[in-house]
Amino acid sequence: MNGQTDELSPEGFDSLPGLRDLAGLTVTARRPSDADEAVGYTVFADGDVPAALGLDRDALTRAGFDPKIGQTLVIPTPSGPDLIAVGAGEATALDTAALRDLAAAFARAASRRSRIALVVGQSAADPVVTARAIVEGVALARYRYRALKTTSKHTPLAELALELPGPDASAVVNGASAALASARAAIVARDLANTPPGHLTATDMGAAAEALGARFGFEVELFDKAALIQLGCGGLLGVNQGSVEEPRMIKLTYLPQGEATGHLGLVGKGIMYDSGGISLKPSDPMHLLMKMDMGGAAAVLGAFAGMRDLGVDAKVTGWLMCTDNMPSGSSYKLGDVLVARGGTTVEVKNTDAEGRLVMMDALVLANEEGVDAIVDIATLTGAALMALGQATAPVFANDDRMADLALTASAAMDEPLWRLPLERKYRSQLDSDVADISNLGGKYAGATTAALFLDSFVGETPWAHLDIAGTMQTDKDDSWRSAGATGFGARTLLELARSFTA
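Conventions used here
Residues numbered from 1 in each chain as written. Predicted model: local features only at pLDDT ≥ 70, side-chain atom pairs only at ≥ 80, totals over all residues. Heavy atoms only, no water. Helix = DSSP H or I, 4+ residues; strand = E, 2+ residues; numbered from the N terminus. Rg over C-alpha atoms; globule rule 2.2 N^0.38 Å. Buried < 20%, exposed > 50% of the residue type's maximum accessible area, 1.4 Å probe, protein only. Contact = heavy atoms within 4.5 Å. Areas by Shrake-Rupley, 256 points an atom, 1.4 Å probe, with all protein chains shown as cover. Pairing = 2+ DSSP bridges. Axes fitted to C-alpha atoms, helices over the stretch in contact; angles between N-to-C directions. Salt bridge = Lys/Arg side-chain N within 4 Å of Asp/Glu carboxyl O. Parallel < 35°, antiparallel > 145°, perpendicular 65-115°, else oblique. Left-handed = near helix turned anticlockwise from the far one by under 90°. Nonpolar A, V, L, I, M, F, W, Y, C, P; charged D, E, K, R; others polar. 1 Å grid on protein atoms, 1.4 Å probe; cavity = no way out; pocket = protein on both sides within 12 Å on 5 of 7 lines; lining within 4 Å. Points joined across faces, edges and corners; volume = space filled by probe spheres on them. Phe/Tyr/Trp six-rings, centres within 6.5 Å; stacked < 30°, edge-to-face > 60°. Lys NZ or Arg CZ within 6 Å of the ring centre and 35° of its normal.

## Concerning the overall build of the protein chain
A count of helical and extended segments in the protein chain gives 15 helices and 19 strands. In terms of overall size, the protein chain behaves like a compact globule, its C-alpha atoms giving a radius of gyration of 23 Å where 502 residues would be expected to give roughly 23 Å. Within the protein chain, the fraction of its 502 residues that count as buried is 57%. Relative to all contacts within the protein chain whose residues are 6 or more apart in sequence, the contacts with residues 24 or more apart total 76%. In the structure as shown, the protein chain presents an accessible area of about 19,200 Å², 50% of it carried by carbon and sulfur atoms.

## Regarding the sheet that holds strand S5 (residues 115-119)
The pairing of strands in a sheet comes from backbone hydrogen bonds and takes either a parallel or an antiparallel form. Spatially, 6 strands are ordered S1-S6-S5-S2-S4-S3 in an open sheet, and the strand pairing comes out mixed. Two strands lie at the open edges of the sheet, namely strand S1 (26-29) and strand S3 (72-75), each paired on one side alone. This sheet shows a mean twist of 20° between the axes of neighbouring strands, independent of strand direction. Judged from the 7 bridges that link them, strand S2 (residues 38-44) and strand S4 (residues 82-89) form a sheet pairing that is parallel. Its bridge partner lying in S4, tyrosine 41 is registered against alanine 85. Packing against the sheet, helix H4 (residues 127-141) makes contact with S1, S5 and strand S6 (159-163), and its axis sits at approximately 150° to S6.

## Points about the pattern of salt bridges
What the rule picks out here adds up to 29 salt bridges. Between glutamate 369 and lysine 251 there is a salt bridge whose closest N-O contact spans 3.2 Å. Within this pair, whereas glutamate 369 is found in helix H11 (residues 355-369), its partner lysine 251 is found in strand S8 (residues 248-254), the two being separated by 118 residues in sequence. The closest approach of N and O atoms between aspartate 274 and lysine 281, which form a salt bridge, is 3.5 Å. Side by side, aspartate 274 and lysine 281 carry an identical accessibility label, which is buried. Here the salt bridges do not stand alone but share partners, grouping Arg100, Arg132, Glu136, Glu415, Arg491, Glu495 and Arg498 into one network.

## So, the pairing of strand S17 (residues 463-467)
Taking burial as the measure, the 5 residues of S17 include 5 buried ones, the bulk of the element. Burial of S17 is two-sided: the residues Trp463, His465 and Asp467 facing one way and the residues Ala464 and Leu466 facing the other way are all buried. Where strand S13 (residues 373-378) and S17 come together, 5 bridges link them in parallel fashion. Looking across to S17, one finds that alanine 378 is bridged to aspartate 467. Relative to S17, strand S14 (residues 393-397) is paired through 3 bridges, and the arrangement is antiparallel. Across the sheet, phenylalanine 396 pairs through a bridge with histidine 465, a residue of S17.

## Points about the packing of helix H5 (residues 170-194) against helix H10 (residues 295-310)
At a minimum axis distance of 8 Å, the contact between H5 and H10 shows a crossing angle of 160°. When the axis of H5 is compared with that of H10, the two are roughly antiparallel. Relative to H10, H5 is oriented so that their crossing is right-handed. In this structure, H5 contributes Ala178, Ala181, Arg184, Ala185, Val188, Ala189 and Leu192 to the contact, and H10 contributes Ala298, Ala299, Leu301, Gly302, Ala303, Ala305, Gly306, Asp309 and Leu310. In terms of residue class, the contact of H5 with H10 is built from 12 nonpolar, 2 polar and 2 charged.

## Notes on empty space enclosed by the protein
Taken as a whole and assessed by the stated rule, the structure comprises 3 cavities of 30 Å³ or more. In terms of lining, the largest cavity is formed by Gly18, Asp21, Leu22, Leu25, Ala139, Arg142, Tyr143, Arg144, His154, Pro156, Leu157 and Ile187. Taken as a whole, the second largest cavity encloses approximately 60 Å³ of empty space. Lining the second largest cavity we find Ala189, Ala193, Gly295, Ala298, Ala299, Ile468, Met472, Ala485, Thr486, Gly487 and Phe488. For the lining of the second largest cavity, the elements supplying multiple residues, two or more each, are H5 and H10. A breakdown of the residues in the lining of the second largest cavity according to their chemical character gives 8 nonpolar, 3 polar and no charged.

## Brief notes about the environment of valine 39
Following the sequence through the fold, valine 39 ends up in strand S2. Owing to a relative accessible area of 2%, valine 39 belongs among the buried residues under this scheme. Not counting chain neighbours up to four residues away, the residues in contact with valine 39 comprise Pro32, Pro81, Asp82, Leu83, Ile84, Phe106 and Ala117.

## Section: the packing of aromatic side chains
Counting across every chain of the model gives 2 aromatic pairs. Ring centres of phenylalanine 453 and phenylalanine 457 lie 5.3 Å apart, and the angle between their planes is 50°; on these two criteria the pair is classed as tilted. Here phenylalanine 453 pairs with phenylalanine 457, and both are found in helix H14 (residues 446-458), just 4 residues apart, close to one helical turn. Per residue, the accessibility class of phenylalanine 453 equals that of phenylalanine 457, and both read buried. The positively charged end of arginine 481 is found above the aromatic ring belonging to tryptophan 480, 4.1 Å away from the centroid. It is arginine 491 that lies over the ring of tryptophan 480; its NZ or CZ is 4.7 Å from the centre.

## Quick look at the layout of surface pockets
Estimates place the volume of the largest pocket at around 560 Å³. Elements with a contribution of two residues or more to the lining of the largest pocket: strand S9 (263-274), helix H9 (285-288), helix H12 (382-388) and H14. Among the elements that line the lining of the largest pocket, the one with the most residues is H12, at 3 residues. Class assignment for the residues of the lining of the largest pocket results in 10 nonpolar, 9 polar and 8 charged.

## Points about the sheet that holds strand S10 (residues 315-325)
Spatial strand order, S7-S8-S10-S9-S13-S17-S14-S15: 8 strands in an open sheet with mixed pairing. Of all the strands in the sheet, the pair left with one neighbour each is strand S7 (219-223) and strand S15 (417-419). Neighbour-to-neighbour, the strand axes of this sheet turn through a mean angle of 20°, independent of strand direction. Of the strand pairs in this sheet, S8 and S10 are connected by 7 bridges, and their pairing is antiparallel. Looking across to S10, one finds that isoleucine 250 is bridged to leucine 320. Its contacts with the sheet place H10 against S8, S9, S10 and S13, and it is angled at close to 135° to S9. Contacts from H14 reach S13, S14 and S17 within the one sheet, and its direction differs from that of S17 by about 145°.

In structure tokens:
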């Protein structure tokens, strides 16, 4: 099984480097061979050590190896492949998250090798699930964004060979197919979020979507400034006022081969760069990360890139609301009143609370489209980061089933979500003296008041909101999460769409 497909070739947009690397990866089911450059063997906390390593447990311990998840030991050989002891922890605790983590540790230990093999001694998980977790862990751990480096030591993977318990090689093929679709979702999101804002405008995002749609089987419709004026998308147009770059609303449509099991709407915040506008952000490390403020839109686009190959049975429509948020003489101002699609008036109390303004238009459009449910995803609030840190994202919902779908999908993908209450007592904080609603609440519970703002445009449609401001990036490699943009949410959205029914 390999991820090779046609090259991206949209006018004016270069190939995504991580996606290109993934397309060159072949996954096979076989025993290790002399063609491999590195071979890993799982070592559990008890039981026999694989004889192929040439070292017993005492020798491994003397060399500093601990068989817990995430630990590896590279054993060079005079000729032939490197041998790598891969910690697997307790055999009874080897779930899919642990498999993904140990695979990532192995991939990093073999980071200078392009043809690698991994032998898994035992796994209680289904063989297909085992193969999927391992391939995901390897592919995501080896990701590097290097599009703008003149030289790089990065070695793309050419082949991953797996030897799993049991004789059924088809399990590897089936698991690898799902893994490559899922990894692709995250890698597309990472590539886009890691790209500097001068290299990825809202217009460029549209070109990327068109290229990905043609390649991975979904329709793309672009709405320029004139079209947005005609639609009355006052939120997106208002935030765009200070920019020299045109905004884009990017509408994505995925249709399954058979009868659709339902119609899911996905909305992504696409602030290509967030200066804060007139409410200018301080010049600190967080400001530097604001090229990733389009991480929600990137996650939605990444998810669409995997839907056909993962066999999603629902119709899925996506709205990516893309612009930068810049200060200038034409910027929208504190005290301005914007008019959303549908006529709701919104008083601007802070121009740095812009994500909810661009998304309100999309939520109205999703309802007009007649979707059965909506999931939105956004790098929305610093309050989400303060509440749950960089490992877990809050999810808010007006519907228990949608919350459960999001939580179940996130658990399967090891992208942790935690449900926070949509506390309606705080809704009065968004009241305005001059408009229907304001875009900012009080000094506390900022993630909740932001969610309540979005809830005002959802109506009765079942809805979940993922605030990924804290989880959008990591400062250093963390298991399969490579340094930089994490692509958080793309795999969760894809898995949620796969399981969605009306």
